[in-house]
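Results of the structural survey
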Amino acid sequence: MRIERIRDIQGPNVYSHDPVLVMTLDLEDLAGKESYEVPGFIDRLLITLPGVKEHYCGLGRPGGFVERLVEGTWFGHIVEHVALELSDALEISVNRGKTVSSGVPGKFLVAVTYKSEPGMRFLLEVAVELVQALVDNTPYPLQERIQEGRGIVERAAFGPSTYAIVSAAERRKIPFERLEDGLVRLGYGNRMRYIQAAVSGQTSAVAVDIAGNKQLTRQLLEQAGLPAPAGRIVRSPEEAIDVARDFGGPVVVKPLDGNQGKGVSLNLSDPADIATAYKAACEYSRYVVVERLARGRDYRVIVINGRLIAASEKTPAHVTGDGQHTIRELVDIANQDSRRGDNHSKPLSKISWDAIVEAFLARSGRTTDTIPAAGETVLLRESANLSTGGEARDVTDDVHPEIAEMCERASRVIGLDICGIDLVTPDISQPWSGEGGIIELNAAPGLRMHHHPASGKPRDVGAAIVDMLFPDGSDGRVPIVSITGTNGKTTTTRMMGHVFCATGKTVGMTTTDGIWINCREIARGDMTGPWSARVVLHDPSVEVAVLETARGGIVRSGLGYDWSDIAVLTNVDADHLGQDGIETVDDVLRIKSLVAERVREGGVLVLNADDERLSRLPENPRISRIPRQIIFFSLEPNNPVVGRHLAAGGAAYILKGDWIEEHNGDVSRRLVRASELPFTFQGTAEFQVANAMACIAACRAAGVAIETIVSALMAFNNGAQNEGRVNVYRYRDALVVLDYGHNTHAIAAIARMVKRWGANHSTAVLGLPGDRTNSLIADAANATAQAFDRILIREDLDLRGRQPGEAASLIEAAVLAHSHARDTEVVLDELTAVARALERAEPGEAVVIFCDRKHEVTQLIGELGAEPCDDPAWIRNVAHHDETIPA
């Protein structure tokens, strides 16, 4: 077996609503073989991983997977279950996976959910190696690989402070994304915030610099009248000894800009000890501080946004003697405690051993080999830092108001929004006595001691930070509208973006043609996948996101968001069959339904009631399991689905006569005449009426006033703001229609519109995507042949796997087989075909260009003299049709 690639899908996807890794696995020699065909394999697997006996494997009962093994299953499926089972050993347990054919014989897509992306990626590789070893009946170092995987998971895990904040954000349903170097992005759009451990995106860089300079911090505290021990910067051991002598008592020697207690030595009086401590501090900073020792208990106080949130009393690292083991042995025993880990991975840190510990023991007359008496507590250092193995006891409820006010004022002095204060005082529950002082102010304070105190009540400091970043209960989100369907989704998206812009909001919009922020194009191309959605959602100016969401992006990379507020499904038709495992229209619906499934609880799902499959979608258990509002729209005033929905108190938008009406239960309201909306061409473009109704339904659900919606739609310029979709031009005495239609339904809809205009002749310039099946190409060609008098057949620039001329030949054969086609010509180059069609255009003729290279085609027809023509009366005159255009 061979792994071709492993890709990460972070958003909801066709495999799971959770993030997944999808492995493309080439079974090679195992292709076509089933589990029972390899002698002894099943027994070896169950002996090696007995836990797989409990796997359900879709049968709804333990042992289901074993049944599949015995009956026979492919080895890609076996790899999936092995990876899931191994996740328990790495403490990243997941139990959801799926294995499907890639469409290439012998190759499978193995998808598994994950909690640790690098850990699960590693396990997929191990699973393939292990299954191959079991097939070959060769040894495999499984335990060594598991140990390696644990290290990968631990190194990739959030630190305790980041984890505390992210967990609090998750409880608030605030979306988050992990970035590089420990940076985490919380929220979307203009509500987006950043954190890096306990530093927020709002934390002042100047305040961080001040906190990192212990001497400057001391000066500012003194200037503010706050107590801080005297101290000076020194540049040599001799100067350190002199300063200590000047202070006339025990001193502390520490790095000027250190952290986590590294290089800190306390309670020093002997010159030799001070010189040794100076050298230890120099390992962490170019400059060293000597300060007078503050007497009292050691406390850490957390102040968030100027308010004291938590306080802990810290105890230095220590061991308790048993009369048998040396101090060093007692440290080793203590570090075996399951609560202790490396790199802040556990509630307590392992006790570190360094020169400072040895020097401290020496001052007390002990050595590494000293055996303390049973019950004797041996401190290992003066500093009570958790990073070196210290412990903490919560004292938040004991803090005296005077002490709290002093700490809060200290944080304000340097402007830290998240401030850790090291405080020494005889008793934090008593008013300030004048003894001790504020030792340090810390940016990025560790939260672990407050969330996991050795004793006392845990304090959710992470939640306090989230409350600061997202006040008033905000979930950090901007309204998201997601639009999908076979046809009409681009136009509906553009209409919606236009309406939201009219409200004064900054709109981020993705479409088949590009990305728009605040009505300005920032990227061009097909931008309907998750990458483009994230571009919008990660723009700090965006207040509303309107996202066209296409099949391709969903299949390959999932959604670019977790939940939407409103989803619109315009229609579902036969398109993309034969691609990505899509064989039927129901497969298309299954993929696009993901957009509907990910409407948040209480959100709104807008559906086309005239589409039989969409009208039944609310009955789907995957949709109905979450309470959300369903709104239908329909061109049929007596649609029975809408009737039943309204009778049950639902909402819908209906075309009655020429009026678009809003219905809520038995209450109705006329909104606008369809024929007055300019892009409907006096109502002849029924599909545009449907698009407008979908837009109105979604915008109303978002709380936009109907007056704003109607005014915006009346001003929606189909040529300028909907490029490539029903763009109409006048060319001499003929009409030219530019459209992106590329499937049977779209071509037929355009043809009906043109027929209503009464043109005395019609020409189509047609090309179809090469990745469609032969039958889909034939169907679309037949629809064109039925509707147009003359057809010029071209090819797309991207042949999508076809040979040159192949798709055109398929179109030509289908057209010529239809008796209505009286004039057909193949002109493979699109621009040449367009020029030929315009050259032959007769007075009163309608030339419909189903375009691929729309920007170039638009430029070409402009150069040839075509002029935009959105006025229905003008269209009527050009078509030599004197009667009122029927609505």
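As shown above, the structure is provided for reference.
In this text the structure is predicted, and so the values were computed from the model without any measurement. (Residues numbered from 1 in each chain as written. Predicted model: local features only at pLDDT ≥ 70, side-chain atom pairs only at ≥ 80, totals over all residues. Heavy atoms only, no water.)

**Thoughts on the environment of L799**
Within the secondary structure layout, L799 lies in the loop between β36 (790-793) and α28 (806-816). Residues L799 and G770 lie 29 residues apart in sequence; the distance between their C-alpha atoms is 5.4 Å. (Helix = DSSP H or I, 4+ residues; strand = E, 2+ residues; numbered from the N terminus.)

**Quick notes on the pattern of salt bridges**
Within the structure shown, the criterion is met by 57 salt bridges. A salt bridge links E148 to R145; its shortest N-O distance comes to 3.0 Å. Taken together, the residues E148 and R145, both in helix α5 (residues 142-156) and three residues apart, mark about one turn of the helix. Residue classification places R145 among the buried positions, given a relative accessible area of 16%. A salt bridge links E291 to K254; the shortest N-O distance between them is 3.2 Å. With a gap of 37 residues between them, E291 in strand β12 (residues 288-292) and K254 in strand β10 (residues 251-255) connect regions that are remote in the sequence. Shared partners join several salt bridges into a network, and the residues in it are R2, E4, D26, E28 and K107. (Salt bridge = Lys/Arg side-chain N within 4 Å of Asp/Glu carboxyl O. Buried < 20%, exposed > 50% of the residue type's maximum accessible area, 1.4 Å probe, protein only.)

**Digging into the packing of helix α6 (residues 160-171) against helix α15 (residues 461-469)**
Relative orientation of the contacting elements α6 and α15 amounts to 65°, with a least axis distance of 7 Å. Between α6 and α15 lies a crossing whose hand is right-handed. Within the contact between the two elements, α6 uses A164, I165, A168, A169 and R171 and α15 uses G462, A463, I465 and V466. By residue class, the composition of the contact of α6 with α15 is seven nonpolar, one polar and one charged. (Axes fitted to C-alpha atoms, helices over the stretch in contact; angles between N-to-C directions. Left-handed = near helix turned anticlockwise from the far one by under 90°. Contact = heavy atoms within 4.5 Å. Nonpolar A, V, L, I, M, F, W, Y, C, P; charged D, E, K, R; others polar.)

**Considerations on the packing of aromatic side chains**
Applying the stated criterion across every chain yields a total of six aromatic pairs. Note on F788 and F850: the rings are 6.2 Å apart at their centroids and 90° apart in plane angle, and the pair reads as edge-to-face. Here F788, found in the loop between α27 (774-787) and β36, pairs with F850, found in strand β38 (residues 845-850); they are 62 residues apart in sequence, far enough to count as distant. Residue F850 is classed as buried on the basis of its relative accessible area of 0%. Its end group placed over the ring of F158, R178 keeps NZ or CZ at 4.4 Å from the ring centre. The side chain of R598 reaches across the aromatic face of W563, ending 3.5 Å from its centre. (Phe/Tyr/Trp six-rings, centres within 6.5 Å; stacked < 30°, edge-to-face > 60°. Lys NZ or Arg CZ within 6 Å of the ring centre and 35° of its normal.)

Nothing here speaks to function; it is geometry throughout.
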